[in-house]
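Commentary on secondary and tertiary structure
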Amino acid sequence: MKPLGIGSEEHLRLLAVARGERPPDLLVRGGTLANVYSGELLPANVAVSDGHVAYVGPREPEPGPETEVVEARGLYVAPGYVEAHNHPWAMYNPVTLAAKVLPLGATTIVADTLFFHLQMGPDGLEAMLDDLRDGPLNYLWVTRLISQSRFSGEREVFSTQTARRLLDRDDVAGTAEVTRWTELAAGDAHVLAGIAAARERGKVSDGHTGGASENRLPALVAAGIDADHEAITKEELLTRLRLGLWTMLRHSSLRPDVPELARAITEDGVCDARLILTTDGASPDHLAENGFMDHALRVAVECGVPPMTALRMATVNPATWLGLDRYLGGLAPGRRADLVLLPDLARFVPELVVSGGRTVARSGELLADLPTLDWDRYGARTEFSPDLPLKDPKLYVPQLPGRETRVGMSFRSAAITAAKRFHLPPDGSLSDLPGVLHAALVDRGGRWISRCPVEGFATDLDGFASTYNTTTHLLVLGRDPRSMSVAAARVRDKRGGVALAEAGRVVFDFGLDLAGMMSEAPFDAIAHANARLAAELGKRGYPFHDVLYTLLFFTNDFLPAVKLTPRGLLDVKTGRIITPAETLPEPA
């Protein structure tokens, strides 16, 4: 839904409703308005015309015979929640995510295009955005300028011409986080050209500054980023805020940081005008158990943040950052009619949700129809070369001329690794190396393979395969090459996903055939699969709290210290390839 054009037929109807000369389409009456502009709680009625707020105030507009009347006595009327930094591809997809979060009060999501762009290209991506445009959840998008793991041809896939084309869309709000922030700070011409294109169009550039020191942040701000979500301590939040960044308080499955970050408000009394709440792509089981933006709001208030301050951080503040506060983020004439009716300002779970002037959920039940996406038309299905020798156990084990020391990965947390040397036997057997796994990243197109030893991921894992990783190529792990081959073959048969094998037999699998990252299954089924995956890997020694992010970041090129990438085993800090990828032989 676009803003009403000034002087259009719809705008003139809205003016008539605002004057009280025409009945509204929707009337919410008798509630207590949470006014995020003034910070007040006021008795008010809200009248809606053509999906936009026409009137807010004490006068009670006269309903007509076709007016939908919502009684809000005893309830708070607040703006719908705006999630400003989201990744709608954590096994769920944009439609299944919408089904889950609309009843929880989220009416706008600012979403990253990464894996849609990688798999479908700009034409398929735009076709998907078109089909989502009129859905009950207001999706806005931020376009990637580069990927999260370098590959041959990356900058052609994410060309500046493509960035400009996408930024010309009214549902694309700007550019997405640049995870390789060191390249941005160094003045990378390609990335700067994308940020310049956003600036030319009056759009924003999201940032990613994880690990950037206080001395390095000014260069990133000077390069053009407007916002950041990577603060994990109060001091880091204050540093970013003082540099003029819109600073996000993240509460996600990987980083539940609001209790620490809220101290900047509760202890230091900082101005909240440039603070924003985000869930940053929580895993499906975390979302199913805890909630979405309602959860972030709940945690903030539990930590002592005033309810109105928390609401601003989830409504008008992100809208203002986006330059869309004339249209989003609050309940005032001319704004999009997104609102929630809340029994209290503590739990933030709505009794009723209105999005774009339509009642879309009541008492936790979704009432709106969701768009049907034609994934085949977009080119979203994952493809594998038919010649990949995935059933050959020797593919996953390096063949060494003699006993040899190889550098590999040692996990320190769910997302962070360190380099470690392993003394490997010629035949690749790991019998005298307890807790060590073979790891192989196999190109789905059959061109290359990267391999290294790994410890700290799981202690007793026969075979596991996943396309759920930053590259969407096939990541295969295990101690038993036969089980590794069985798991890899099952993932190929499912055209993407995860599979776990033991003693040469698959014991768990789940298909993710949309870009290797997403399923069309209902949200609850996805959440159950994610929980089952975590439980199965946990039984085999996985020690951390977020399996999906461990897999996602296994193959990236921006988190320390070593990662398995399409170019080989990478030292992230220096950019040096420790062990190069090998070319796969041509099929016989």
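Quick caveat, the model's predicted, so the values are computed rather than measured.

Structural notes on the overall build of the chain
- A count of helical and extended segments in the chain gives 19 helices and 29 strands.
- The C-alpha radius of gyration of the chain comes to 25 Å, within 12% of the 25 Å expected for a compact globule of 588 residues.
- The dimensions of the chain, computed from C-alpha atoms along their principal axes, are 85 × 45 × 45 Å.
- Here the chain holds 588 residues, and the buried ones make up 63% of them.
- Looking at the chain alone, contacts between residues at least 24 apart form 68% of all its contacts between residues at least 6 apart.
- Averaging the locations of the 61 positively and 75 negatively charged side chains of the chain gives two centres separated by 4 Å.

A few points about the sheet that holds strand S8 (residues 138-143)
- Strand order across the open sheet formed by five strands is S6-S7-S8-S9-S10, with parallel pairing between neighbours. In this open sheet, the two edge strands, each paired with only one partner strand, are strand S6 (81-86) and strand S10 (204-205).
- By the bridge criterion, four bridges tie S6 to strand S7 (residues 106-112) in an arrangement that is parallel. Within S7, the position partnered with glutamate 83 by the bridge is isoleucine 109.
- Here helix H3 (residues 114-132) sits on the sheet in contact with S7, S8 and strand S9 (172-175), set at roughly 145 degrees to S8.
- Across the sheet, helix H5 (residues 160-167) lies against S8 and S9, angled at about 150 degrees from S9, the strand it touches most.

Section: the domain arrangement of the chain
- Domain annotation for the chain reports domain 1 (80-322) and domain 2 (393-583).
- Computed over C-alpha atoms, the centres of domain 1 and domain 2 are 28 Å apart.
- At the junction of the two partners, domain 1 supplies 28 residues and domain 2 supplies 36 residues.
- Considering only the surface of domain 1 that becomes buried against domain 2, Met91, Phe115 and Leu254 emerge as the three largest contributors, covering 29% of it.
- On the surface where domain 1 and domain 2 come into contact, there are two salt bridges.
- Between aspartate 557 and arginine 180 there is a salt bridge, with its nearest N and O atoms 3.2 Å apart.
- Remark: the boundary between domain 1 and domain 2 carries 14 residue pairs in polar contact (both at pLDDT 80 or more).
- Here the side of domain 1 that touches domain 2 is built from residues that sort into 13 nonpolar, 10 polar and five charged.

A look at the side chain of threonine 175
- Relative to the assigned elements, threonine 175 resides in strand S9.
- For threonine 175, a relative accessible area of 1% puts it in the buried group.
- In this structure the side chain of threonine 175 is engaged in a polar contact, spanning 2.8 Å, whose partner is the side chain of serine 205.
- Excluding residues within four positions of it along the chain, threonine 175 makes contact with Val142, Thr143, Leu145, Leu167, Gly194, Ile195, Ala198, Val204, Ser205 and Asp206.

So, the pairing of strand S28 (residues 577-580)
- Here three bridges tie strand S27 (residues 568-571) to S28, and the two strands are oriented antiparallel to one another. When the bridges of S28 are listed, glycine 568 appears paired with proline 580.
- In this antiparallel pair of consecutive strands, S27 and S28, the connection spans five residues, and glycine 575 shows a positive phi of 80 degrees.

Some words on unusual backbone geometry
- Alanine 561 follows proline 560 through a cis peptide bond whose omega is 0 degrees.
- Within the secondary structure layout, alanine 561 lies in the loop between helix H19 (547-553) and strand S26 (562-565).

Focus on the pattern of salt bridges
- Taken as a whole, this structure holds 51 salt bridges when the rule is applied.
- When the shortest N-O distance is used, the salt bridge between aspartate 123 and arginine 165 registers 2.5 Å. Of this pair, aspartate 123 sits in helix H3 while arginine 165 sits in helix H5, placing them 42 residues apart in sequence.
- Judged by relative accessible area, which is 55%, aspartate 123 ranks as exposed.
- The partner of arginine 169 in a salt bridge is aspartate 171, and the shortest N-O contact between them spans 2.9 Å. Considered together, arginine 169 and aspartate 171 belong to a single accessibility category, that of buried residues.
- When salt bridges with common partners are traced through the structure, they connect Asp123, Glu126, Asp130, Arg133, Arg165, Arg169, Asp170 and Asp171 into a single cluster.

Some points on the UniProt feature "domain: Amidohydrolase-related" (unreviewed entry) in the chain
- Within the UniProt annotation, "domain: Amidohydrolase-related" (unreviewed entry) is assigned to residues 76-360.
- End-to-end, the C-alpha atoms of residues 76-360 are 18 Å apart, and along that stretch the chain is 39% helix and 18% strand.

Side note on helix H9 (residues 234-242)
- Along H9, the residues that are buried comprise Lys234, Leu237, Leu238, Thr239, Arg240 and Leu241.
- Contacts made by the buried residues of H9 are with helix H8 (217-223), strand S11 (227-228), strand S12 (246-250), helix H10 (258-261), helix H11 (263-266) and strand S13 (275-278).
- Two residues or fewer after H9 comes glycine 244, characterised by a positive phi angle close to 90 degrees.

With respect to the side chain of aspartate 557
- As for its placement among the helices and strands, aspartate 557 is situated in the loop between H19 and S26.
- Assessed through its relative accessible area of 6%, aspartate 557 is described here as buried.
- From its side chain, aspartate 557 meets the backbone nitrogen of arginine 150 in a polar contact 2.8 Å long.
- Engagement of the side chain of aspartate 557 in a polar contact is seen with the side chain of arginine 180, the distance being 3.2 Å.

Considering the UniProt feature "domain: Adenine deaminase C-terminal" (unreviewed entry) in the chain
- UniProt marks residues 434-574 with the feature "domain: Adenine deaminase C-terminal" (unreviewed entry), using the numbering shown here.
- As annotated, residues 434-574 comprises 26% helix and 32% strand, and the C-alpha atoms at either end are separated by 30 Å.

Overview of the environment of glutamate 455
- Along the chain, the position of glutamate 455 falls in strand S21 (residues 448-455).
- Once the C-alpha coordinates of glutamate 455 and glycine 435 are considered, the two residues, 20 residues apart in sequence, prove to be 5.9 Å apart.
- Contact partners of glutamate 455, with chain neighbours within four places excluded, come to Met409, Ser410, Phe411, Lys420, Phe422, Gly435 and Val436.
- Here serine 410 takes part through its side chain, which lies 2.9 Å from a polar atom of the side chain of glutamate 455.
- Engagement of the side chain of glutamate 455 in a polar contact is seen with the side chain of lysine 420, the distance being 3.0 Å.

Cut-offs and rules
- Residues numbered from 1 in each chain as written.
- Predicted model: local features only at pLDDT ≥ 70, side-chain atom pairs only at ≥ 80, totals over all residues.
- Heavy atoms only, no water.
- Helix = DSSP H or I, 4+ residues; strand = E, 2+ residues; numbered from the N terminus.
- Rg over C-alpha atoms; globule rule 2.2 N^0.38 Å.
- Buried < 20%, exposed > 50% of the residue type's maximum accessible area, 1.4 Å probe, protein only.
- Contact = heavy atoms within 4.5 Å.
- Lys, Arg positive; Asp, Glu negative; His and termini not counted.
- Charge placed at Lys NZ, Arg CZ, Asp CG, Glu CD.
- Pairing = 2+ DSSP bridges.
- Axes fitted to C-alpha atoms, helices over the stretch in contact; angles between N-to-C directions.
- Domains from an automatic or database assignment.
- Buried area = accessible area lost by both parts, 1.4 Å probe.
- Salt bridge = Lys/Arg side-chain N within 4 Å of Asp/Glu carboxyl O.
- Polar contact = N/O pair within 3.5 Å; in protein donor to acceptor, adjacent residues only side chain to side chain.
- Nonpolar A, V, L, I, M, F, W, Y, C, P; charged D, E, K, R; others polar.
- UniProt positions renumbered as here; feature names shortened; annotations may be inferred.

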